[in-house]
Amino acid sequence: MLEQSIHRLDNSLPQPLLMERRRASPLRFMQSRPHSYLTAGVLLVLLLSIGATAPASPTDLLQRAQTHDIWMRTHHMPAGGVMAAQFTDASYSEIALYGGRRDPAIWTGAYLAAQALRLMETGDSDAATRLAAVVQTLHDWWRISGDTGYLARFAAPADSAATILATLPADDPEVIRDVPYDGELWHWRGRVSRDQYQGVLLGMSLAYEATADAAIRQRIREDVTAFVERLMQEEERRVKVVINDSANFSVDLRLRHAVYTDDETPSGIPVINITTDPVSAEGSGMLVFWPNPSEYLREIPGLWWLPDIELPTQAIQLAGAFRVALQVTQGVPGYEARHAALRAHYEENVEAWLDMAADWENTNQCGDSYYGLNIAFLPLFNWVRLEDDMLRRGRLQREVLRDALWSEVADHKNVLFALLYASQAAPEDAIDDLINAHLAQLARFPDAPQLDLPFDLRSKYAEDPNCPGLSSVATDVDERPGATYIWERHPWQLVDSGTPNLVFAGVDYLLAYWLGRHAGFLCEADELTLTAVTVDGSRRHVACRDLRAGPDVTVSSTGDLALRAGRQIQLLPGFRVEAGGLLQASIDPTLASRPLTGAPLSLPTHARTSSQAPAPRSEARGQTAGALSPPMPAPGAEALTWSMLPAELQEQLLAHDAKIHDAQRDSTGDIIVFATEAPLAWEDTNGQSDIYLYAVASERLHLVSLALDGYAGNGSSDEPRLDGLGQQLLFRSTATNLVVGAQNDFAQLYQHDLGIGSTTRLTQTARGEPGTGNSGQAILAGTWAIFHTEAANLAAAGPGLYRQQLSDASRQPVGLDEWGLPDPAASRPAADSAGAEIAYQRPEPNGMRQIYLTDAVQAERLSLTSDPVLGQLDHCCAALSRDGGLLAYREQTSQGQAWLHVYHRNQGSYYRLPWPRDETLQSQAPVFNHDGSELWWLNPEQGPGLPEVLHWMKNPFGTAENRPSDGSAIVKVKAA
């Protein structure tokens, strides 16, 4: 019986190189299906099939996660890897042997992902400790073979316990024994398959994001980069080829996207076994990631006739691996050249991979090879999450994640797949009911220990006439056969005999639970009370309803305590925050009605007063909130990334090897402007940056920064700003021959009327004299130009921040000091699309910058200054949404902690989110994308092979069209 249980766990065979066929028909049936079918029809079946059961509370789910975690550490992680355990008897005190010996890598990677999500959600030091240990284990498995990028399924020192060594027997052809490693002898299991990499890459990507430990990040970086660079390497390899079990010869092939080991074949030469009817191949001594294997197999004599065989899952896996490699090398000193090479290879191939991925289809029949769904979902989650090309990510969200993969499993009651999809869904996808339905399934997950119990469901579920022995509908999670990773097992089994004393690890529950928590879909508890605790590190608590802290709760000088609740937070007598400690408190009323889900958070007015949070905009203007209706935003120009440019324009830019800056298009999409140093027109002979206009209809480029002699100006021109109607263009230039009249060497602002093609100098006096200082930081909003100038002669008040009416050149100061005079240090303006509301930064006497907002009549400071609790705060980098309703900016304490504030002005509420870690973004303002659904930190330089968006976040308030009416607020209070 014991040996049978091991075979039960190890029934997967080496994966063939060709596991799937691209559909023959070019028709995209699933893409044409109405999306409401996925969220209404299938979801209705899913909701009805759940039945009436008492839901588990959030506390139950958390305790189940804690219990599974304890069981895993105690019984299911031999030599640091995840396995099932066969016990000697029902006391579950002594392990006889371990099972699942071929899959520890994928399961251990999934466990790493769970701990990373737990760390990001809770800040628990135990999660950080577990993360570090698992990263080290997987590091050993990457390195044990001595072959770059070749991952062991499992590895352990040769002097390990007998139960561990039994998983690595000497007579097993997959096992390599007595390998010198790290000063001792080890055994390891090889013949790795692609599925093992998917769990490991998921875990390492999330761990890299979760940890701030430089050594751990470097270890992850080394392993991932070495693997993906090995895939990228093209080389000629001697390969032994076996065709239809008869022809047997060796041939030199030029191969790429493969990893190799010389430990698995007698001669050390990789072997490819090929059958031709139907076409399939499998290998030993090599593992390939080939989206189109015929590209390589046609080099083999006699196989020139092979048609293209496109494998969408392998395209997804390859793209996901490159995205993780780009993630861990982005902005790292010393990795610039390697990152650039990875990026170039990715950009060269990604569109072909994406086209293949969009044609993905579920090829398993009656649950056969269901694990293939899992090894597509995991890398696709990485790909979508990390993709920095916004158009490409949109295609991934809609064509691949939703229309291809999710549509195939929407009625499978697969909780992990549902959460992976929901956490990365397109903004328009309706996911709330879907989330609740699948969280109800998660609540059914068995407690630890997870036993392999017998069951017979034939009296409850009808048999599928096309799949004998299987249910016609998915069974509930608690009715399925045990597994270490239930999400890769099909959900239709009706009968199972079980295995006595066999216990499965709970990594499947842990991954789904912590993903749900991190994505904001789950609370920690309905009601929660903290007492008698000292918070020294980071600690997070979330209650769906009420949360109480105290008595005897102390946030120490090194502590960081975050409290979130749906109804109220009470800080009882005896609660205190020591100097330097950080308290974060937030309320979301919607949590109280959604006990298993989380959502954006808001703090009641009475809880904001101690932190001097700004009043709602209606109060500041002497109106009632109910009397206000959101203004209709004026049409505004849209910032563009490289992939958003028309293909014809891309071709013209590529022909000149052009990199561009500040690309924008008007609201009609007819006109695009940008700056570039590339000479795109015959009259551009100055060798400096110039302004170009692209007319979409005619596909023609026009040089805008022209001098009076018809050639490009004699200085650099940059910072183009287009109005939403495509009528006016603003730009900065140091050229002295763009207009007639007096000139100087300072940077001036120019207005170009697109209707008549004329250029005038904006920064000049009434007598036509140019500004006597540099001008810049310009914005073009409605009929207003907003800019900063160092010139003393443009206004009686001197240098400062101004807005100027384009029609009559009337000029108004914006950034005023305490005496009502323009402050020369006011800078970095942001504005709504009409120019009616302007945000800017201005230093206080103590040197700390604050964010102000003005409508040119009244200015109000919106950022927190110094406070007995918060200490001194510095702010910069403001951004306004098109309608002016949302303001985003950076806040930093004197200790270096930095956050992004997103402030909802009508509601007087705001989110505080982590500011990007990338050093290059510390002084760069984000921009709201055109529909306001996301904030982007754009790469200042756009071009092929360059990252388009250096960082992005979903707008926590939603788009302008779907922002919740009651908003959210987060207040962080730091003791001085």
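Details of the structure are given in the entry above.
Residues numbered from 1 in each chain as written. Predicted model: local features only at pLDDT ≥ 70, side-chain atom pairs only at ≥ 80, totals over all residues. Heavy atoms only, no water.

**A few points about the packing of aromatic side chains**
The final tally for this structure, using the stated rule, is 27 aromatic pairs. Judged by centre distance (5.7 Å) and plane angle (45°), the rings of Phe-322 and Trp-353 are tilted. Here Trp-353 lies in helix α12 (residues 336–358) and Phe-322 lies in helix α11 (residues 312–329), a separation of 31 residues in the sequence. Each member of the pair, Phe-322 as well as Trp-353, carries the same accessibility label: buried. Ring geometry for Tyr-370 and Phe-417: centres 6.4 Å apart, planes at 20°, overall stacked. One end of the pair, Tyr-370, is in the loop between α12 and α13 (371–386); the other, Phe-417, is in helix α15 (residues 415–423), with 47 residues separating them in the sequence. Judged by its relative accessible area of 0%, Phe-417 is buried. (Phe/Tyr/Trp six-rings, centres within 6.5 Å; stacked < 30°, edge-to-face > 60°. Helix = DSSP H or I, 4+ residues; strand = E, 2+ residues; numbered from the N terminus. Buried < 20%, exposed > 50% of the residue type's maximum accessible area, 1.4 Å probe, protein only.)

**Thoughts on the packing of helix α8 (residues 194–210) against α11**
Contact pair α8 / α11: the axes reach a minimum separation of 10 Å and the direction vectors enclose 30°. By the angle class used here, α8 and α11 are roughly parallel. Crossing handedness for the pair α8 and α11: left-handed. Where α8 approaches α11, its residues Arg-194, Gln-198, Leu-201, Ser-205, Tyr-208 and Glu-209 are matched on the opposing element by Gln-314, Gln-317, Ala-321, Val-324, Gln-327 and Val-328. A per-class count over the contact of α8 with α11 returns 5 nonpolar, 5 polar and 2 charged. (Axes fitted to C-alpha atoms, helices over the stretch in contact; angles between N-to-C directions. Parallel < 35°, antiparallel > 145°, perpendicular 65-115°, else oblique. Left-handed = near helix turned anticlockwise from the far one by under 90°. Contact = heavy atoms within 4.5 Å. Nonpolar A, V, L, I, M, F, W, Y, C, P; charged D, E, K, R; others polar.)

**A closer look at the sheet that holds strand β9 (residues 271–276)**
What the 4 strands build is an open sheet, ordered β7-β6-β9-β10; its pairing is mixed. Each edge of the open sheet is held by one strand with a lone partner, namely β7 (247–255) and β10 (279–284). When the angles between neighbouring strand axes are averaged without regard to direction, this sheet yields 30°. Inspection of the sheet shows strand β6 (residues 235–243) paired to β7 by 9 bridges, in the antiparallel sense. Paired with Lys-240 across the strands is Ser-250, a residue of β7. (Pairing = 2+ DSSP bridges.)

**Considerations on the pattern of salt bridges**
Opposite charge on two side chains makes pairing possible when the charged atoms of those side chains draw close. Counted by the stated rule, this structure contains 54 salt bridges. The residue Asp-823 makes a salt bridge to Arg-842 at a minimum N-O spacing of 2.7 Å. With Asp-823 in the loop between β36 (811–813) and β37 (827–831) and Arg-842 in strand β38 (residues 838–843), this pair connects stretches of sequence that are 19 residues apart. The pair Asp-823 / Arg-842 is uniform in exposure class, with both members buried. Look at the salt bridges and you will find they share partners, linking Arg-323, Arg-343, Glu-347, Glu-351, Glu-387, Asp-388, Asp-389 and Arg-392 into a network. (Salt bridge = Lys/Arg side-chain N within 4 Å of Asp/Glu carboxyl O.)

**Notes on helix α5 (residues 104–122)**
Taking 1.5 Å per residue as the helical rise, α5 with its 19 residues ought to reach 27 Å, and the 26 Å between its terminal C-alpha atoms agrees with that figure. The positive-phi residue at the C-terminal boundary of α5 is Gly-123, with phi of around 70°. (Expected span 1.5 Å × (residues − 1).)

**Section: the sheet that holds strand β17 (residues 533–535)**
With parallel pairing, the 3 strands of this open sheet are ordered in space as β17-β19-β22. At either margin of the open sheet sits one strand with a lone partner, and together these are β17 and β22 (575–577). Between one strand axis and the next, the sheet turns by 10° as a mean value, whatever way the strands run. Two elements, β17 and strand β19 (residues 553–555), share 3 bridges in a ladder whose sense is parallel. Across the sheet, the residue bridging to Val-535 is Val-555, located in β19.

**So, the state of the cysteines**
Each disulfide is one covalent bond, formed between the sulfur atoms of two cysteines. Per the counting criterion, the structure on display carries 3 disulfides. Put simply, Cys-366 and Cys-467 are joined by a disulfide, and their sulfur atoms are 2.0 Å apart. Handedness here is read from the sign of the S-S torsion; for Cys-366 and Cys-467, about -75°, the answer is left-handed. Residue Cys-366 is located in the loop between α12 and α13, and its partner Cys-467 is located in the loop between β13 (455–456) and β14 (495–496); the two are separated by 101 residues in the primary sequence. Given a relative accessible area of 10%, Cys-467 falls into the buried group. Here the protein pairs its bonded cysteines, counted in sequence order, in the arrangement 1-2, 3-4, 5-6. (Disulfide = S-S within 2.5 Å.)

**Describing the pairing of strand β35 (residues 800–805)**
For β35, a buried count of 6 out of 6 residues is recorded, marking the element as mostly surrounded by other parts of the structure. Both strand β34 (residues 784–789) and β35 contribute to a ladder of 6 bridges, which runs antiparallel. Within β35, the residue paired with Thr-789 across the bridge is Gly-800. Bridge analysis of β35 against β36 gives 3 bridges, and the strand direction is antiparallel. In the sheet register, Arg-803 faces β36, and the bridge partner there is Gln-812. Where β35 folds back on β36, the antiparallel hairpin that results is connected by 5 residues, among which Ala-809 adopts a positive phi of roughly 65°.

**Let's talk about unusual backbone geometry**
The linkage connecting Ala-448 with the following residue, Pro-449, adopts the cis geometry, with an omega of 0°. Note that Pro-449 resides in the loop between α16 (432–442) and β12 (450–451). That bond from Gly-550 to Pro-551 is cis: its omega, 0°, falls within 30 degrees of zero. Topologically, Pro-551 is positioned in the loop between β18 (538–549) and β19. Despite not being glycine, Asp-657 shows a phi value in the positive range, around 50°. For Asp-657, the location among the structural elements is in the loop between α20 (647–655) and β25 (660–665). The residue Glu-699 is not glycine, and still its phi comes out positive at about 60°. Following the sequence through the fold, Glu-699 ends up in the loop between β27 (690–695) and β28 (700–703). Under the relative-accessibility criterion, Glu-699 is labelled partly exposed at 38%.

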